[in-house]
Amino acid sequence: MINRVLIRLKIIQIVYAYYQNGSKNLDAAEKELFFSLSKAYDLYNYLLMLIIAVTNYAQKRIEAAKSKLAPTAEELNPNMKFVENKFVSQLEVNKQLTEFSVNQKRSWNNDEDFVKGLYEQIVESDIYKDYMALPEGTYEDDRELWRKLYKNFIYNNSKLDVLLEDQSLYWNDDKEIVDTFVLKTIKRFEASNGADQPLLPEFKDEEDREFARRLFRRTILNSDYYRHLISENTRNWDLDRVAFMDVVVMQCALAEILSFPNIPISVSLNEYVEIAKVYSTPKSGSFVNGTLDGIVNQLKKDGKLTKN
C-alpha cells in the first residue's frame, strides 16, 4: 500500500526533523521513519473500519425506531438495503481488518457524533436515494455504492481531517494519499473471496522497503556532497537564505538521482518539485526545479551521472 510517493514525503519530513532537532542518531531516525510509514498503514485500515461504523450506526437507528412507544408502519418495516449491504458484510468479517481492530484496539465508538453526521449527510444524498430505490441490488451494486460514498463524503472531508489530526500527528499529511488506496481496495473486492479477501500489503514488496531505507540513509550520509552541489548551482544565493525545506527537498532528490539508476531523472525531478510546491514556499517549485536541472546537467557534463 505504501507507495514511493508516500515514502519520499515521509523521508523529507523525517530528514527535516532530524536536522531541526539536532539529532545525530541515524538509527533512531530510521526507526522513526518506518514507524511513521506504519502509521500510514494504520490509517488505511482505520478508514476501512469507518465504512463498517457508518453501517452499524444505521442499524442502531433502525432498532431505536422500532423500539419507540408508537412506531410507524415504515419504522416497523424499514428498508434494510443499506444495512444489509453485501460488500460491507464481507468487509466486516475480513480477517486482516478484524486482526487490525483487535491488535490495535481501534474503533469509531468514541467518535459517534462524527459517524452520525456522516450518516445523515449520506442519507440526504442522491447517491443513497437512487441506491435505496433499486428493487434488488447485486454485490457489484453494493460495492459501487460505497466507492461513490467514499469518494463523495469521506475523501476531502475537512471535519474528518481535523478528527484524524487530533488522534495522530503522523496522519497530518497522509490522508489524501491513503484515500486513493482505500478506493482501490473497494474496487478490488470480490464476493468469492469472502473473509479472505486480501487487503493491500503495507509495502508492495521488499524492494520498496529497501528503497525507503537506502534513500533515507544516502540523504543523510552524503549530505555534505549534495549541499556542495546545491551551493555551486546557487552562487547568486546565500545558501543560508534559501528556505531550509528547499535544501532538504533537493538533498533527497539528489540522493535518489545519484543512488537509483533505474529511476528516470524526470520522474525524480517531477516528484520533488511537486513536494516543494506543497510543503515549502510559493516560489519553491520553480527554484527547486531550476537548481536541480542545473546540477543534473553539470553532473552529466562531468560524466558523474549515468542512468540505465
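These numbers come from a predicted model, not from an experiment.

(A) Representation of the overall build of the chain within the structure. Of regular secondary structure, the chain possesses 15 helices and zero strands. With respect to the three principal axes, the spread of C-alpha positions in the chain is 80 × 35 × 35 Å. By the burial criterion, 47% of the 308 residues in the chain qualify as buried. Pairs at least 24 apart in sequence give 80% of the contacts found in the chain among residues at least 6 apart. Per element, the accessible surface of the chain, about 16,200 Å² overall, is 47% carbon and sulfur. Between the centroid of the 41 positive side chains of the chain and the centroid of its 47 negative side chains there is a distance of 4 Å.

(B) Looking closely at the packing of aromatic side chains. A full pass over the atoms with the stated rule returns 16 aromatic pairs. With a centroid separation of 6.0 Å and an interplanar angle of 80°, the aromatic rings of Tyr19 and Phe244 are classed as edge-to-face. With a gap of 225 residues between them, Tyr19 in helix α1 (residues 4–20) and Phe244 in helix α13 (residues 244–259) connect regions that are remote in the sequence. Taking the relative accessible area as the measure of exposure, Tyr19 reaches 18% and is therefore buried. On the basis of an interplanar angle of 35° and a centroid distance of 5.9 Å, the ring pair of Phe82 and Trp146 is categorised as tilted. Remark: Trp146 occurs in helix α8 (residues 139–154) and Phe82 occurs in the loop between α3 (73–76) and α4 (86–92); sequence separation between them is 64 residues. Residue Phe82 shares its accessibility class with Trp146, and that shared class is buried. Here Lys81 stacks its cationic end above the ring of Tyr131, 4.5 Å away from the centre of that ring.

(C) Main features of α8. Here α8 is 16 residues long and its end C-alpha atoms lie 21 Å apart, about the 22 Å a rise of 1.5 Å per residue gives. Tyr139, Asp142, Arg143, Leu145, Trp146, Leu149, Tyr150, Phe153 and Ile154 are the residues of α8 that are buried. Buried residues of α8 fall within an arc of 150° about the axis and therefore sit on the same side. Those residues of α8 that are buried lie in contact with α2 (26–66), α4, α6 (112–123), α7 (126–133), α9 (158–167) and α10 (175–188). After α8 finishes, the residue Asn156 shows a positive phi value of roughly 55°.

(D) Structural view of the nonpolar core. Counting 104 residues, the largest nonpolar core has Tyr44, Phe82, Trp108 and Trp146 as the members making the most contacts within it. Looking at this core element by element, the count peaks at 21 residues for α2. When sequence neighbours within four positions are dropped, the list of residues in contact with Phe82 reads Val54, Thr55, Ala58, Tyr119, Ile122, Tyr128, Tyr131, Met132, Leu145, Trp146 and Leu149.

(E) A look at the packing of α2 against α10. At a minimum axis distance of 9 Å, the contact between α2 and α10 shows a crossing angle of 55°. Taken together, the axes of α2 and α10 are oblique relative to one another. Considering how the two elements wind past one another, α2 and α10 form a crossing that is right-handed. Note on element contacts: α10 touches α2 through Lys175, Val178, Asp179, Phe181, Val182, Thr185 and Ile186, opposite Ala40, Leu43, Tyr44, Leu47, Leu48 and Ile51.

(F) Structural context of helix α14 (residues 265–279). End to end, α14 covers 21 Å across 15 residues, agreeing with the expected 21 Å (1.5 Å per residue, within 8%). Looking at the buried positions of α14, the neighbouring elements they touch are α1, α11 (206–221), α13 and α15 (284–301).

(G) Structural detail: the layout of surface pockets. Roughly 450 Å³ of internal volume is contained in the largest pocket. Lining the largest pocket are 19 residues; nearest its centre among them are Leu9, Asp173, Glu176, Ile177 and Tyr279. Taken together, the elements giving at least two residues each to the lining of the largest pocket come down to α1, α9, α10 and α14. At five residues, the largest contribution of residues to the lining of the largest pocket is made by α14. Along the lines of polarity and charge, the residues of the lining of the largest pocket split into eight nonpolar, three polar and eight charged. Within this model, the second largest pocket holds a volume of roughly 380 Å³. Put simply, the parts of the chain that give the lining of the second largest pocket at least two residues each are α2, α3, α6 and α7. Among the elements that make up the lining of the second largest pocket, the one with the highest residue count is α2 (four residues). Of the residues belonging to the lining of the second largest pocket, the class tally is 10 nonpolar, one polar and three charged.

Criteria and cut-off values
- Residues numbered from 1 in each chain as written.
- Predicted model: local features only at pLDDT ≥ 70, side-chain atom pairs only at ≥ 80, totals over all residues.
- Heavy atoms only, no water.
- Helix = DSSP H or I, 4+ residues; strand = E, 2+ residues; numbered from the N terminus.
- Buried < 20%, exposed > 50% of the residue type's maximum accessible area, 1.4 Å probe, protein only.
- Contact = heavy atoms within 4.5 Å.
- Areas by Shrake-Rupley, 256 points an atom, 1.4 Å probe, with all protein chains shown as cover.
- Lys, Arg positive; Asp, Glu negative; His and termini not counted.
- Charge placed at Lys NZ, Arg CZ, Asp CG, Glu CD.
- Phe/Tyr/Trp six-rings, centres within 6.5 Å; stacked < 30°, edge-to-face > 60°.
- Lys NZ or Arg CZ within 6 Å of the ring centre and 35° of its normal.
- Expected span 1.5 Å × (residues − 1).
- Arc of directions from axis to C-beta.
- Core = buried A, V, L, I, M, F, W, Y, C linked by side-chain atoms within 4.5 Å.
- Axes fitted to C-alpha atoms, helices over the stretch in contact; angles between N-to-C directions.
- Parallel < 35°, antiparallel > 145°, perpendicular 65-115°, else oblique.
- Left-handed = near helix turned anticlockwise from the far one by under 90°.
- 1 Å grid on protein atoms, 1.4 Å probe; cavity = no way out; pocket = protein on both sides within 12 Å on 5 of 7 lines; lining within 4 Å.
- Points joined across faces, edges and corners; volume = space filled by probe spheres on them.
- Nonpolar A, V, L, I, M, F, W, Y, C, P; charged D, E, K, R; others polar.

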